[in-house]
Every structure is written in structure tokens, then in C-alpha cells.
Amino acid sequence: MTENNSTLAVKATDLTKKYTRGDSEFDAVSHVNLEVPKGDFVAIMGASGSGKSTALHLIAGLARPTSGEIEIEGKAISKMSDRELTVFRRRRMGIVFQSYNLIPHLTAEENILFPLRADGRTVDAALLERLRAFWEELDLTNQLSQYPDALSGGQQQRVALARALCAEPVALLADEPTGNLDWTSSQNICRVLDKLNKEEERTILLVTHEPAVAVWAKRIVVLRDGKIAGEFATREFRDAAELAARYQEIARASASR
Ligand SMILES: Nc1ncnc2c1ncn2[C@@H]1O[C@H](COP(=O)(O)OP(=O)(O)O)[C@@H](O)[C@H]1O
Ligand SMILES: [Mg+2]
């Protein structure tokens, strides 16, 4: 089903990224087509090396595809210059990684507001009030004046999430956001993502290899050797173990093709 551009947050068409290994070329991402309507919550799953991070980085405009096109809210990012893309990314994309990438000499609040400040935006009282209400939901109110090294991993990732969302991006793109966290902190981040999606209709594209994280999404896209091996909705699954079984089945079926 092809949706109208205005209802699609992300559209990737025939996306391919070639890398060289030794002296041969291979497709880290191979002819991937993906549509993420606004309000969707998609998890890209796949084994290590299946091309998940490469695909997400291409969609985030952090790397350029060898061929293919990415549209964000109907705008083709390959047509943008590096400078235009940098500004577009700061204004329209929210990106979080496994490592929280906070600036150590800035407080949590200064880290969160950094993209707005870098964009020359004034953070007036009304905006700050709105943002503080959201930080309260993230349970960050008592951490705002602290520096990253005084925060737990879960707190740092919630700061990174707040930072990614402060400019109201089209979509939140997250690459293994729970990869460095213990079970409880990981599930807490998932609960935040679930709430953002359900209550605020935030569009989320999440990369993970963990069924217990992916089960929070609405839809799973399985990558294998850079290609989409299958897709399924999560609503039919009661728990992560059932989802893991379905995921393995798709990965195996594509391996024997
Ligand atoms: N910058 C790069 N140069 C060459 N090969 C790369 C580069 N980045 C990733 N790869 C290779 O591309 C494949 C996909 O990597 P990646 O997207 O990181 O997978 P995943 O995130 O699923 O673990 C792997 O074989 C990896 O070694
Ligand atoms: Mg990866």
C-alpha cells in the first residue's frame, strides 16, 4: 500500500549502500523499500551485521546511500547539500543511539536544549514550561542540573530522548537505544516510547535485536543480509517469546531461499 506523501513520515525506495570488504564490494543494505506512516512504531530486527544500523543511518541522513531515495515528510534528502541536510536533521529528525552521546561539560538541561540553541532558537518561558512538563513525564526533573557522569545509564538515555524530541521531529529514530541498559532501565525506556507513540502519536523507527524491546512496536521489519526478509504486526503476540519464535522463523526461511 502506498500512502500519500503527507501521511508518510519516512519513505525509503530501493535503498542500497555498498561497502568494500577486502577487495570486494557488498551490499550492507540492499534494495530496501520501507514506508513508515505518521504515528507508526516500527522495529527493525536482524542479527548483528544484517544492516540495521546502516539502514537507520541512511534514513537519518547520517550517511549517503549508494543508490535509492529517502523521503522524510515527502522531502527527498538526497537532493539536499550536506549543509542543508545538517540543518534539516537538527530541525526535523530525532536520533538516539546505544551510547547516549551527551556533552560531558553541559548539565542535563543544557544537553537537552543544545539542538535548539545550536539552531539559534530562543527558549522562551512558554516553550520551557511545555518542555519541563515533558521532562517531568520522563522523570528527569531532579536530574536537570546534574552533569552526565552523575546520571545512571537509564537517566542518560532519557536525557538523550528528551534532546532528540525537543525540536518536535517528524520521527524518532533509535539505534539499539536500550543496548547498554539493564532489564529494568531498558523496559522503562520502552514504556516511554510506547507512551510517546500511543498518547502523542509520535512516529518511531527503532532498531533492535532484542525481542523484549521489539514487542513494544506495532510492526516488525526483519532484515537479513541487508534485505527485508519479512514483516509482521506485533498485535497477534502476547509476549516476547512468541515474537522471537516468529522472527527466527522468518530469518530461517530467508536463509534457506
Ligand atoms: N563504514 C563501513 N565500512 C565497511 N563496512 C561496513 C561499514 N559499516 C558497516 N559495515 C558492514 O556492513 C554490514 C552491516 O553493518 P551494520 O549496519 O552495522 O549491521 P547491524 O547494525 O545490523 O549489526 C556489516 O557486515 C558491517 O561489517
Ligand atoms: Mg548496529
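Let us look at the structure shown here.

Assigned secondary structure in the protein chain consists of 8 helices and 10 strands. Here the protein chain has a C-alpha radius of gyration of 18 Å; the compact-globule value for 257 residues is 18 Å, and the two agree. Here the C-alpha coordinates of the protein chain stretch approximately 55 × 45 × 40 Å along the principal axes. Looking at the protein chain as a whole, 42% of its 257 residues are labelled buried. Across the protein chain, contacts joining residues at least 24 apart in sequence account for 70% of those joining residues at least 6 apart.

Ordered by their spatial adjacency, 4 strands build an open sheet running β2-β1-β4-β5, and the pairing between neighbours is antiparallel. Both edges of this open sheet fall to β2 (24–37) and β5 (75–76), since each of them pairs with a single strand only. Relative to strand β4 (residues 67–72), strand β1 (residues 8–21) runs antiparallel, the two being bridged by 5 bridges. Of the residues in β4, the one forming a bridge with Lys11 is Glu71. Against the sheet, helix α1 (residues 52–59) engages β1, β2 and β4, with an angle of about 125 degrees to β1.

The first and last C-alpha atoms of helix α6 (residues 183–200) sit 25 Å apart over 18 residues, in line with the 26 Å expected at 1.5 Å per residue. Turning to α6, its buried residues are Ser186, Ile189, Cys190, Val192, Leu193, Leu196 and Asn197. Down the axis of α6, the sector holding all buried residues measures 155 degrees, keeping them to one side. Residues Trp183, Thr184, Arg191, Lys198 and Glu199 are exposed on α6 and point more than 90 degrees away from its buried face.

Next up on the list: the site of ligand 1. In the vicinity of ligand 1, the contacting residues are Tyr19, Ala28, Gly46, Ser48, Gly49, Ser50, Gly51, Lys52, Ser53 and Thr54. Top contributing element to the shell around ligand 1 by residue count: α1, with 3 residues.

Contact pair helix α5 (residues 153–165) / α6: the axes reach a minimum separation of 9 Å and the direction vectors enclose 20 degrees. In terms of axis orientation, α5 runs roughly parallel to α6. Where α5 crosses over α6, the two elements pack in a sense that is right-handed. Taken together, the residues of α6 that come into contact with α5 (itself represented by Gly153, Gly154, Gln157, Arg158 and Leu161) are Ser185, Asn188, Ile189 and Val192. Partitioned by chemical class, the residues of the contact of α5 with α6 number 3 nonpolar, 5 polar and 1 charged.

For the rest of this paragraph, the subject is the pairing of β1. Pairing of β1 with β2 involves 10 bridges; the strand directions are antiparallel. For Leu15, the partnering residue across the bridge sits in β2 and is Val32. Linking β1 to β2, which pair antiparallel, is a turn of 2 residues; within it Gly22 sits at a positive phi near 65 degrees.

As for its position among the elements, Ala47 is in the loop between β3 (41–45) and α1. In sequence terms Ala47 and His209 are 162 residues apart; their C-alpha atoms lie 6.4 Å from each other.

We now examine the sheet that holds strand β10 (residues 227–233). Spatial strand order, β6-β7-β8-β3-β9-β10: 6 strands in an open sheet with mixed pairing. Looking at the sheet topology across the chains shown, the edges are occupied by β6 (93–96) and β10. With strand direction ignored, the average angle separating the axes of adjacent strands in the sheet is 15 degrees. Both strand β7 (residues 171–175) and strand β8 (residues 203–207) contribute to a ladder of 5 bridges, which runs parallel. Paired with Ala174 across the two strands is Leu206, which belongs to β8.

What counts and how
Residues numbered from 1 in each chain as written. Chains lettered and ligands numbered in written order. Predicted model: local features only at pLDDT ≥ 70, side-chain atom pairs only at ≥ 80, totals over all residues. Helix = DSSP H or I, 4+ residues; strand = E, 2+ residues; numbered from the N terminus. Rg over C-alpha atoms; globule rule 2.2 N^0.38 Å. Buried ≥ 20, exposed ≤ 12 C-beta atoms within 10 Å, placed from the backbone. Contact = placed C-beta atoms within 7 Å. Pairing = 2+ DSSP bridges. Axes fitted to C-alpha atoms, helices over the stretch in contact; angles between N-to-C directions. Expected span 1.5 Å × (residues − 1). Arc of directions from axis to C-beta. Near = placed C-beta within 6 Å. Parallel < 35°, antiparallel > 145°, perpendicular 65-115°, else oblique. Left-handed = near helix turned anticlockwise from the far one by under 90°. Nonpolar A, V, L, I, M, F, W, Y, C, P; charged D, E, K, R; others polar.

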